[in-house]
Amino acid sequence: METLEPAYEAWLELRLAYGAARSRFQEERERLDQQGSFLVGAVRAASQERAASAEPVPAAESALTSADAPMRDFLRQAEEKLTRAREALAKEEAESEARFQAAFEEIRSTVKDRVRRYLAGSPPRLRLLLRKVGATRAILHVERVGGDAPVLLMYLFSGRIPSRHGFLFDDSTEDVALPPAPLYPEEGVVPEEVRPEAPALVARVRAPGEVLPVKGFLPVFVPRPEGGDDFFRLLQRGPVMEVEVAEGPGFRGVLTREESERFAGHLLRLKLEGRLELEVEAG
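An account of the accompanying structure is given in this report.

Conventions and cut-offs
- Residues numbered from 1 in each chain as written.
- Predicted model: local features only at pLDDT ≥ 70, side-chain atom pairs only at ≥ 80, totals over all residues.
- Heavy atoms only, no water.
- Salt bridge = Lys/Arg side-chain N within 4 Å of Asp/Glu carboxyl O.
- Helix = DSSP H or I, 4+ residues; strand = E, 2+ residues; numbered from the N terminus.
- Buried < 20%, exposed > 50% of the residue type's maximum accessible area, 1.4 Å probe, protein only.
- Contact = heavy atoms within 4.5 Å.
- Pairing = 2+ DSSP bridges.
- Phe/Tyr/Trp six-rings, centres within 6.5 Å; stacked < 30°, edge-to-face > 60°.

### Quick look at the pattern of salt bridges
Item 1. What the rule picks out here adds up to 31 salt bridges.
Item 2. A salt bridge links Arg76 to Glu80, with the shortest nitrogen-to-oxygen separation between them at 3.4 Å. Placement of the pair is Arg76 and Glu80 together in helix H2 (residues 69-121), with a separation of four residues, close to one helical turn.
Item 3. Judged by its relative accessible area of 39%, Arg76 falls in the partly exposed class.
Item 4. Here Glu80 falls in the partly exposed class, since its relative accessible area comes to 36%.
Item 5. With its nearest N and O atoms 2.8 Å apart, the salt bridge here joins Arg233 to Glu244. With a gap of eleven residues between them, Arg233 in strand S6 (residues 229-237) and Glu244 in strand S7 (residues 240-247) connect regions that are remote in the sequence.
Item 6. A residue is classified by how much of its surface remains accessible, and Glu244, at 6% relative accessible area, is buried.
Item 7. Connected via shared salt-bridge partners are Arg127, Arg131, Glu143, Glu279 and Glu281.

What follows is the structure, given as structure tokens:
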């Protein structure tokens, strides 16, 4: 794994194997539960059949009479066998979970170490394009980047690594009537949470953790002079990334002069610190 992409391919394979293992354990638990329920039902049915063919017994007495001792023994032995099977399955699942979590930790550490080394040795290069909209408004574009640059920029801007190598250019959608979701259903994000409104998306990006399962954009927090910060995103749009700022439940692409200057100033500070190569072009 000498580059980032093979490391991410190994990570994806591990994620798929983990999902398959969890499905297998779930299916086995359901099978054991079904088997236990079936045996209890079969013994109950056999007891009722025997009772119907024998002398009537008072309703208050158990369905299993003294004549049903062999049946009780059969049920007890079957339940003991099922209990041992469940305990063995739980032990195997716990061991499997520990192995997978150790493997995930190792591969995340590998990716982060490599990202830090690449950032120190060869900072990513950005070209910022300013397009004025009237006297006080502007649209900012950043030329499309490729290779490992999106992963490096994610770590530079957020201090976290993305969950997938090709996250920035992934325009797939689970529903053709909807635009691509901004989150992947992984790393703690359930399928119902992949399309949050802006405040929830910001909260997800701010939440602690090593990995961000974002898709199709780069998150950027830009400090305000009076304190705090604003959440911007570089949304992938073909040959460029468009700079948008969070506003209400959504995002706004036409920036005020102050917003565009602060965003450009943030990138310039990173350039002066040697963490980014930057070229600015005003159109």
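### Brief notes about the side chain of Lys215
Item 1. Assignment of secondary structure puts Lys215 in the loop between strand S4 (211-212) and strand S5 (217-223).
Item 2. Discounting chain neighbours no more than four positions away, the residues touching Lys215 are Phe167, Asp170, Ser172, Thr173, Pro180, Ala181, Pro182, Leu183 and Tyr184.

### Notes on the environment of Pro225
Item 1. In this fold, Pro225 is placed in the loop between S5 and S6.
Item 2. Owing to a relative accessible area of 72%, Pro225 belongs among the exposed residues under this scheme.
Item 3. The sequence separation of Pro225 and Arg262 amounts to 37 residues, and the corresponding C-alpha distance is 9.2 Å.
Item 4. Apart from the residues within four sequence positions on either side, Pro225 is in contact with Glu258 and Arg262.

### Observations regarding unusual backbone geometry
Excluding glycine, residues mostly carry a negative phi; peptide bonds, for their part, are mostly trans.
Item 1. Positive phi, normally seen in glycine, also occurs at Glu187, with a value near 55 degrees.
Item 2. Relative to the assigned elements, Glu187 resides in the loop between strand S3 (161-162) and helix H4 (198-206).

### Structural notes on the pairing of S7
Item 1. Burial analysis of S7 places six of its eight residues in the buried class, the great majority of the element.
Item 2. Where strand S2 (residues 137-143) lies against S7, three bridges are found, and the strand directions are antiparallel. Considered in S7, the bridge of His141 is made with Glu242.
Item 3. Here S6 runs beside S7; their pairing, made up of six bridges, is antiparallel.

### Observations regarding the packing of aromatic side chains
Item 1. Tallying each qualifying case throughout the model produces six aromatic pairs.
Item 2. Centre to centre, the rings of Phe231 and Phe251 are 6.0 Å apart; their planes meet at 55 degrees, and the pair counts as tilted. Taken together, the residues Phe231 in strand S6 and Phe251 in strand S8 (residues 250-252) connect sequence positions 20 residues apart.
Item 3. Look at Phe231 and you get buried, because its relative accessible area is 4%.
Item 4. Summarising the aromatic geometry, the rings of Phe232 and Phe263 are spaced 5.3 Å apart at their centres and angled 45 degrees between planes, so their arrangement reads as tilted.

### Let's talk about the environment of Gly147
Item 1. Following the sequence through the fold, Gly147 ends up in the loop between S2 and helix H3 (149-158).
Item 2. Between the C-alpha atom of Gly147 and that of Ala102, which follows or precedes it by 45 residues, the distance is 28 Å.

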